Every structure is written in C-alpha cells, then in structure tokens.
Amino acid sequence: MPSKLQFHINKPLRRIAYFCKDDGQIFVKVHRGCRSRRIEEKVALITGGASGIGQSTARLFLQHGARKLSYVLCDITCETDVKIDVDTAISMYGKLDIMFNNVGIGGDGEPGILACTNESFKKLLDVNLFGAFLRAKHAARYPVLSRVDEVQRSSKSNFPLHAFTASKHAVVGLAKNLCVELGQYEIRVNSISPFGVASPMTTDILNMGKKKTDEFISSGEILKGAVLEPEGIAQAALYLASDEAKYVSVINLVVDGGYSLTNPSFAIALETFSPSPHS
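Within any chain, residue numbers begin from 1 and follow the written order of that chain's sequence. Reporting of local features is limited, given that this is a predicted model, to residues whose pLDDT is at least 70; pairs of side-chain atoms are given and counted only at 80 or more, and all residues count toward the totals for whole chains, interfaces and linings. Only hydrogens and water are removed before side-chain values are computed, so all heavy atoms of the structure are retained for them.

Attention now goes to the confidence of the model for the protein. The score called pLDDT rates the predictor's confidence residue by residue, from a low of 0 to a high of 100. Across the protein, pLDDT averages 77, with 73% of residues at or above 70. Only heavy atoms enter the contact rule, under which two residues are in contact if any of them lie within 4.5 Å. Confidence drops under a pLDDT of 50 for residues 1-33, and excluding neighbours within four residues, the segment shows 84 contacts in the predicted structure.

Now the structure itself:
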C-alpha cells in the first residue's frame, strides 16, 4: 500500500497545517487561517501536491476550511494504487467532495513528429490522460455517498510537442464527457488550462532558476505587468471547487492572460520579411 500523508485541521482558532517538501523531507507548519472559508468541512484528494501548483492548491484549500486533505503518494497510472487512494479517503472520512487531478509531465521535449518516440508518447499519455481517467473513474464510484467536484488540470501549447498537446486536449474532452454522464449524480466536472508557470517541473525542463524561468515565460505573455504563479492556478481550482461555482460545469477555465487567443505566425513572418524594392 502506498505511503500516506494526512492533514487534519483543529477546528478552534482557525489554525491550519500544511506541508512543504525540501530534499525529500516533509515539514508541517501552523499558521493563522483566513476568515473567508469557501470549502468548509470538505474532503479533498489532490495529486501532485508535493510542489508547484499542487502544493499551492493544498495550502489554499486548507486555508479555506478543508478539514481533511489527503495527499497519497502513489502511481497514478496504476489502477490498484488509485483505487486504494480513493477508498482510503472514503473509509476514513465517509465522503469525498473534491478531486483535483493535477499531476502531469512535459515529456522529453521532442521538436517534431519524427523525433517523437513511441515510448515517450505512450508514457506521457499514461500520466497526463490515463491517470486523470483513473482518478475520475474511481471518484465517480461514490456519487450517492457524496457529491464530488471534479477538477481536471489541462494546459495548452503552441509548440510541436505532439504527445503533450494531444494529452491536454484529450483531458478537456474527457472532462466534457464526464460532465454529461455525471451531472445526474450532482457531480460537476471542469478543467483548468494555465499559461506557463515556473514550477519545479518547468525549471527542470528549461534548466533555469525560477527567476530566469519567470523572465523567459513573461517574454512571451500577452498580459504584461503580471506573472502567473502556482497560487494563481490554486485560486482557480478553489473557485471551481467551492459552492460559488455550484452551477458551473464543463467549463475549461483558461488562466493564460489571453495567450491562447493569439497566433504569432504573422508577426514572426513580418519580422523576417524583407520586401523587394521593385514590389
């Protein structure tokens, strides 16, 4: 059985406990909670909670009243592990209110279709798509016991990373189909498509520090004067998981500052175009 890390919140004093991961060690800290508690008493399962967007979401959920947050270290592509993860939460807390499927990988960064190996393509789809499918499948086994607010995290890319792009579009499509099927059980299904975030995974891929990664990402953004941090995606997940979004389902919440609305091809062509003096 995979190892578990459980979070319990003491009701008095609005104090919260959360974790941060540093060199493989888990630290629990206690701080004052916020007054606005938007997911009071809800039970949440979060994948990818050790760093980046997942860790920020775990902290924010706890600040907003999630009494019990379970972060289980498991192989999300293994159905047995995923089933144990969900069953453990249900057996301990009697319900499951929120499932945040956050785990994802970027692949090997192949520059084109000819460089994309079969093994790399399959591995990325296993993690980004099949893992999300398994989590949704087993969370949906308890629709009568408790409403589950399902949040899938997607993202978009204009680069020729075919496996990555295919997996993210597939997650959005999966969320749409799940919404149609599970709405009768009071289950909402939404997805989030963020712009680039200087998470540990991104800095590792780019081989840059956080500051340089932020600068690199900001150089291509449309909305200037703001930098998207993992906390920004956590806020989006909190909204979708809260009762404020009780009639919001099948939305793909795009948090990219307008980036996905643009096509840079024409501007790039203009920069490299030198008209003939006789034209």
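That shown, we press on.
Moving on to the nonpolar core. The set of buried Ala, Val, Leu, Ile, Met, Phe, Trp, Tyr and Cys residues whose side-chain atoms join them within 4.5 Å is what this entry labels a nonpolar core. Relative accessibility decides the category of a residue: with a 1.4 Å probe and only protein chains considered, values under 20% of the type maximum give buried, values over 50% give exposed, and everything between is partly exposed. Residues Ile-39, Phe-61, Ile-98, Phe-100, Ile-192 and Ile-233 are the most contacted members of the largest nonpolar core, which totals 26 residues. For this core, the secondary structure elements donating two or more residues are strand 4 (43-46), helix 1 (52-63), strand 6 (98-101) and helix 7 (230-241). Broken down by element, this core gets its largest block of residues, seven residues, from helix 7. By size, the runner-up hydrophobic cluster in this structure holds 10 residues, among which are Ala-89, Ile-90, Leu-96 and Tyr-142. Only DSSP runs of H or I with at least four residues qualify as helices, and only runs of E with at least two residues qualify as strands; both kinds are numbered from the N terminus onward.

What follows concerns the pattern of salt bridges. What counts as a salt bridge is simple: a side-chain nitrogen of Lys or Arg found within 4 Å of a carboxyl oxygen of Asp or Glu. Under the defined criterion, the tally for this structure stands at 10 salt bridges. Among the salt bridges present, the one from Lys-83 reaches Asp-87, with a minimum N-O distance of 2.8 Å. Within this pair, Lys-83 and its partner Asp-87 are both found in helix 2 (residues 79-93), separated by four residues, close to a single helical turn. Note on Lys-83: relative accessible area 37%, which makes it partly exposed. Across the salt bridge formed by Glu-229 and Lys-210, the nearest N and O atoms sit 3.2 Å from each other.

With that settled, consider the packing of aromatic side chains. A pair of aromatic rings is counted whenever rings of Phe, Tyr or Trp (Trp by its six-membered ring) have centres within 6.5 Å, and the orientation is called stacked for planes under 30 degrees apart, edge-to-face for over 60 and tilted otherwise. The tally for this structure, following the rule as stated, stands at two aromatic pairs. Each ring, one from Phe-130 and one from Phe-133, has its centre 5.8 Å from the other, and the planes form 25°; the classification is stacked. Of the two residues, Phe-130 and Phe-133 both sit in helix 3 (residues 118-139), three residues apart, roughly one turn of that helix. Note on Phe-130: relative accessible area 34%, which makes it partly exposed. Each ring, one from Phe-195 and one from Tyr-259, has its centre 4.8 Å from the other, and the planes form 50°; the classification is tilted. On the criterion of sequence distance, the pair formed by Phe-195 in the loop between strand 8 (188-194) and helix 5 (200-206) and Tyr-259 in the loop between strand 9 (252-255) and helix 8 (265-272) is long-range, its members being 64 residues apart. Here the two residues Phe-195 and Tyr-259 agree in accessibility, since each one is buried.

For the rest of this paragraph, the subject is the pairing of strand 8. The buried fraction of strand 8 amounts to seven of the seven residues, a majority that puts the element mostly inside the structure. Side-chain alternation along strand 8 places Arg-188, Asn-190, Ile-192 and Pro-194 on one buried face and Val-189, Ser-191 and Ser-193 on a second face that is also buried.

So, on to the packing of helix 3 against helix 4 (residues 162-182). Relative to each other, helix 3 and helix 4 sit at 15°, their axes nearing to 8 Å. The pairing of helix 3 with helix 4 is recorded here as roughly parallel in orientation. Remark: the crossing between helix 3 and helix 4 carries right-handed chirality. Residues Phe-121, Leu-124, Leu-125, Asn-128, Leu-129, Ala-132, Phe-133 and Ala-136 of helix 3 form the contact with helix 4, whose own contacting residues are His-162, Ala-163, Phe-164, Ala-166, Ser-167, Lys-168, Ala-170, Val-171, Leu-174 and Leu-178. Per-class residue counts for the contact of helix 3 with helix 4 are 14 nonpolar, three polar and one charged. Axis lines are fitted through C-alpha atoms, for helices just across the contact stretch, and the angle between N-to-C directions can take any value from 0 to 180 degrees. Just so you know how the angles are binned, under 35 degrees is roughly parallel, over 145 roughly antiparallel, 65 to 115 roughly perpendicular, and the rest oblique. For any helix crossing, the convention is left-handed if the near helix is rotated counterclockwise from the far helix by under a right angle, and right-handed if that rotation is clockwise. When residue character is reported, Ala, Val, Leu, Ile, Met, Phe, Trp, Tyr, Cys and Pro are called nonpolar, Asp, Glu, Lys and Arg charged, and the others, Gly included, polar.

Since the α-helix packs 3.6 residues into each turn, any two residues three or four apart lie on the same face. If you check helix 4, its first and last C-alpha atoms are 30 Å apart, about what 21 residues at 1.5 Å a residue would give, namely 30 Å. Taken as a whole, helix 4 has its buried residues at Ala-163, Phe-164, Thr-165, Ser-167, Lys-168, Val-171, Val-172, Leu-174, Ala-175, Leu-178, Cys-179 and Leu-182. Helix span, expected: 1.5 Å multiplied by one less than the number of residues in the helix.

An ideal rise of 1.5 Å per residue puts 16 Å on 12 residues; helix 7 measures up with 17 Å between its terminal C-alpha atoms. Buried within helix 7 are the following residues: Pro-230, Ile-233, Ala-234, Ala-236, Ala-237, Leu-238, Leu-240 and Ala-241.

With that settled, the discussion passes to the pairing of strand 6. The alternating pattern of strand 6 places Ile-98 and Phe-100 on one face and Met-99 and Asn-101 on the opposite face, and all of these are buried. By definition, two strands form a pair when at least two bridges between them are found by DSSP. Where strand 4 and strand 6 come together, three bridges link them in parallel fashion. Of the residues in strand 6, the one forming a bridge with Ala-44 is Ile-98.

Bringing the side chain of Asp-214 into the picture now. Along the chain, Asp-214 falls in helix 6 (residues 210-219). If sequence neighbours within four positions are ignored, Asp-214 has contacts with Ala-198, Val-227 and Glu-229.

It is worth spelling out unusual backbone geometry at this point. In the Ramachandran plot, Glu-41 falls in the positive-phi region, its phi being about 70° despite a non-glycine side chain. Inspection of the secondary structure puts Glu-41 in the loop between strand 3 (25-32) and strand 4. Look at Glu-41 and you get partly exposed, because its relative accessible area is 29%. In this structure, Val-250 takes a positive phi of about 65° despite not being glycine. Along the chain, Val-250 turns up in the loop between helix 7 and strand 9.

What follows concerns the packing of helix 1 against helix 7. Remark: helix 1 packs on helix 7, axes separated minimally by 8 Å, with the N-to-C direction vectors making an angle of 50°. Between helix 1 and helix 7, the angle falls in the class oblique. Crossing of helix 1 over helix 7 shows right-handed handedness. Residue-level contacts link Gly-52, Ile-53, Ser-56, Thr-57, Leu-60 and Phe-61 of helix 1 to Pro-230, Glu-231, Ile-233, Ala-234, Gln-235, Ala-237, Leu-238 and Ala-241 of helix 7. When the residues that make up the contact of helix 1 with helix 7 are grouped by side-chain class, the tally is nine nonpolar, four polar and one charged.

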